[in-house]
Amino acid sequence: MQKIRIVHYINQFFAQIGGEEMAHVPPQWREGPVGPGLALAAAFGQTAEIVGTVICGDSYFNEHTSEALPEILDMIKAAGADLLIAGPAFNAGRYGVACGTVAKAAQDELGIKAITGMYVENPGADMFAQDVYIISTRNSAAGMRDAVKKLAPLAQKLVSGEPIGASSEEGYLPRGIRVNLFEKDRGAKRAVEMLVRKLRGQDFTTEYPMPDFDRVAPQPAVKNISRAKVALVTSGGIVPFGNPDRIESSNASRYGRYDLENIMDLTEGKWATAHGGYDPSYANRDADRVLPVDVMREMEIEGKIGSLFRYTYSTVGNGTAVKSSKAFADEFVKELIKENVQAVILTST
Amino acid sequence: MLVVSNNPLVQSHLIREPQHTVAYAPVSFRDLLILVRDKVHQGHVLLTHPLSGSVKPNETLYKSIGMTQQPQAGLCVDSLLLIEEAILAHDRFPPRTREVTPQMDADFQLVDWTLLQSALLSDFARTRGASAGA
Amino acid sequence: MRLELGFIPIHDVQFADTSRVEDGVLYVNAEDIKALVLKDEHISSVEVELARPGESVRITPVKDVVEPRVKVDGPGGMFPGTVSRVKTVGQGRTHVLKGAAVVTTGKIVGFQEGIIDMSGAGAQYTPFSKTQNVVLILRPQDGLSAHEHEVAVRLAGLKAAMYLGELARELVPETIETYETLPLLEGLKQHGDLPRVGYVQMLQSQGLLHDTYVYGVDAKKILPTILYPTEVMDGAIISGNCVSACDKNPTYVHQNNPIVHELYARHGKDFNFCAMIITNENVYLADKVRSSDWTAKLCEFLGLEGVIVSEEGFGNPDTDLMMNSRKISEKGIKAVLLTDEYAGRDGSSQSLADAHVSADAVVSAGNANQVITLPGMDRVIGSEAYVGIIAGGWDKNKMEDGTIMVEIQAITGATSEVGFGYLSAR
């Protein structure tokens, strides 16, 4: 059997180049295993060979990703790798993000297998657990031996195409994909054990984590809406015609801030939607259908609301990451507060 | 009870019972859920669980859902969450194409009718109690 | 309440002229069983077949599975309120033909399901591939309604199990296990220093082929109530449901409720197992509110500190499960939930139709949508005609070499939500 050709990605620290003061070093190639690669090579025994190691400083990678990543991928490709192993990064945040980014790119762009390892609270784990197999490690390099023990067998399965067991069997972080397994104890016995631990206040791990509950408790009602300054915000993608901010039609990475001063009505040819997730013709014909400026102006005149805030914020909520949306809001909410806006009408599609 | 149903058997049974109204619509399972969602937005309140029964949404063709006869003034948020969750759950089951024999078709109708019947019994106990107390 | 279970192990089943148990072999006179079952005028014909572990046999569509037991001492008889007179059971002594089971099969509706494979890949998913099975193939009188048909098949299984259980009356059990739950106040005196724990069992209660009976009462008409856990060992709860066979509790599983047994295993050591509470999963939403209110109220009233809540089914019962979880947690009582999952064939969908933050301790009995290939079998008891149209099967799933592909939701007991099996998911 041919040996699996492995390329190993590590940071400046594990390559023993230096600590934070050397985090700026750009990608470099070394033949054979370096640092933790030696333990990895031992774990694989005769089945695999670490043909080379890519080393990159954490700061360099995170600050120059667009240059560093292609360079790293070229090195992996040139080495004829079957498998990329990144890290493990334990609880080092920037290193974790780098490991996840490199592993995902190796998979997606080079079409080779990739695996990494992280502590569950490493930000890279949250970002990449669904895309890449990430071995669950302890929070410091003291967990290296344990991590390697789980990493090597899973990596071998990945390369050989063997079925991958459930996360709890193989030791990877849950990927949001449910995999069946047979447990040692029957369900009833596991339930009793879990109850005892819960009663004693000991740690236990639920076998089915509930979906994320990101519900926002509603604010108390606005006391006097006829005096309130009200803003319009939308994820329906309404933008001035031509989409000046180039907001993407899906998975938006930005939002726009548009002036509504003296605008009584969003008219065809002046306003349109950038949203790619619904039939845009109705919104393009009359963008008030998504962002009801016309009605707000009427209510303003009738005295039903105090006033319509001068600016509207708009993005496209089509497959856009919750994280991005939160980041957008974190920014523009500051202005809303500063300008004494008391209520926001958030329209979707 | 207002029964929104795509099940002809339910319609044929309830037509004789004036205390119930059947909104019969010969539409798909999913379209029926949408119809119910629209009625929720109009103020009707769900009285039965939209995912009643263990026959999965991609197995049976029939669904009957009980709602209040009269719409209430505001939207019932609990009803809305329940029907929206049911539509999401429905969409997680991949569509199946298979031959449905006349016997199976009749049995799917029958099971849906018995599920609704259990709710009609509960509803009878509740509304009768309410009118007696009034 | 104190119950002794005397176990008579059965490792083989054979036809014979006289029904009896000898040296661990269950001998069955098929004619006796037929005569007994045919006393019910609703049944037009019955065949009796045997299926043993390891054989190339498929039983389908399975309606119910029942364990032969007999009450040898103490009040009442097996399955009170249905085939025995109504009497509170759960004390004295009961003998069990351990390793034997009565399996009923019969088409009640045209899409019926439930597969038990005695060998091959499917066998590990059903606990009844490990039992010596006496299978009844039941046909109804022409023109019988589906409801009456369901009742007839249900009772036939119970009667046959009673008949076989009776063979154990005079036998000397190989092992005897004792289970005891004291009245609440006495239990507190004896185990005052231990945390008080209970078991909340949710019962299917929605309609035809979705029902459960408690002392003969249709569970959809009960208010949540309290049982001594030993009552279920004498057949206080019986199954009237089999749709989506993976996560429905056959009568056998009620008799052997694994949560009851596992709680007894640590009772008096790690906690004081005070009581079992049963509740239902009705279609009518006001019933759900009432039943979950009552369940939480009973937990509070009993002074419980922790409970295990088991579900039965998917969809509608997910709402009951989350209501129970929320309301029990709001009383400050710690809960562990037991459920199965419908995460799609690729495992990527959200598993339950409802969710609540309080459900932070969940045991999973596996993803019922997992696809499995079952080999062709030499012998099919019942009819394979429905395998293509049952839940979890699909058209053209029968391959030319005789193998079939189904989701494991078609396999009886595959994802038992009382944790009878070992399957789980992550």
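Further up the page is the structure itself.
Described below are features of the structure shown in this document. (Residues numbered from 1 in each chain as written. Chains lettered and ligands numbered in written order. Predicted model: local features only at pLDDT ≥ 70, side-chain atom pairs only at ≥ 80, totals over all residues.)

Quick word on the overall build of chain A
Alright, step 1. Looking only at helices and strands, chain A has eleven helices and 14 strands in total.
Alright, step 2. Over its C-alpha atoms chain A spans a radius of gyration of 26 Å, topping by over 25% the 20 Å that the globule rule assigns to 349 residues.
Alright, step 3. For the C-alpha atoms alone, the extent of chain A along its principal axes is close to 80 × 55 × 40 Å.
Alright, step 4. For chain A, the residues scored as buried account for 39% of the 349 residues in total.
Alright, step 5. Across chain A, contacts joining residues at least 24 apart in sequence account for 70% of those joining residues at least 6 apart. (Helix = DSSP H or I, 4+ residues; strand = E, 2+ residues; numbered from the N terminus. Rg over C-alpha atoms; globule rule 2.2 N^0.38 Å. Buried ≥ 20, exposed ≤ 12 C-beta atoms within 10 Å, placed from the backbone. Contact = placed C-beta atoms within 7 Å.)

Brief notes about the sheet that holds strand β4 (residues 25-28) of chain C
Residue and element names in this part refer to chain C.
Alright, step 1. Spatially, three strands are ordered β2-β4-β3 in an open sheet, and the strand pairing comes out mixed. Two strands lie at the open edges of the sheet, namely β2 (12-15) and β3 (20-22), each paired on one side alone. Strand-to-strand twist in this sheet, taken as the mean axis angle between neighbours without regard to direction, amounts to 25°.
Alright, step 2. Pairing analysis gives four bridges linking β2 to β4, with the strands arranged parallel. Opposite Asp12, over in β4, you have Val25 as the bridge partner. (Pairing = 2+ DSSP bridges. Axes fitted to C-alpha atoms, helices over the stretch in contact; angles between N-to-C directions.)

Here's the deal with the environment of Glu121 of chain A
Alright, step 1. Here Glu121 of chain A is to be found in the loop between β5 (113-119) and α5 (123-128).
Alright, step 2. Taking C-alpha positions, Glu121 of chain A is 9.9 Å from Arg138 of chain A, a pair spaced 17 residues apart along the chain.

Topic: helix α3 (residues 77-92) of chain B
Residues and elements named next belong to chain B.
Alright, step 1. In this model α3 runs 23 Å from its N-terminal to its C-terminal C-alpha over 16 residues, within 8% of the 22 Å that 1.5 Å per residue would give.
Alright, step 2. For α3, the full list of buried residues reads Ser79, Leu82, Ile83, Glu85, Ala86, Ala89 and His90. Looking straight down α3, one finds that the buried residues subtend no more than 160° of arc, so they occupy a single side.
Alright, step 3. Buried residues in α3 make contact with α2 (29-41). (Expected span 1.5 Å × (residues − 1). Arc of directions from axis to C-beta.)

Brief notes about the interface of chain C and chain A
Alright, step 1. The partner chain A presents 31 residues to the 44 residues of chain C that form the contact.
Alright, step 2. Looking at the side of chain C that touches chain A, the element that brings in the most residues is strand β22 (residues 362-367) of chain C, giving six residues.
Alright, step 3. Residue classes in the side of chain C that touches chain A are distributed as 22 nonpolar, 13 polar and nine charged.
Alright, step 4. Here three bridges tie strand β7 (residues 180-182) of chain A to strand β27 (residues 423-425) of chain C, and the two strands are oriented antiparallel to one another. Of the residues in β27 of chain C, the one forming a bridge with Phe182 of chain A is Leu423 of chain C. (Nonpolar A, V, L, I, M, F, W, Y, C, P; charged D, E, K, R; others polar.)

Looking at the arrangement of the chains
Alright, step 1. Contacts are most numerous between chains A and C, considering all two pairs of chains that are in contact.
Alright, step 2. Nothing in chain A touches chain B; the tightest C-alpha to C-alpha distance between them is still 13 Å.

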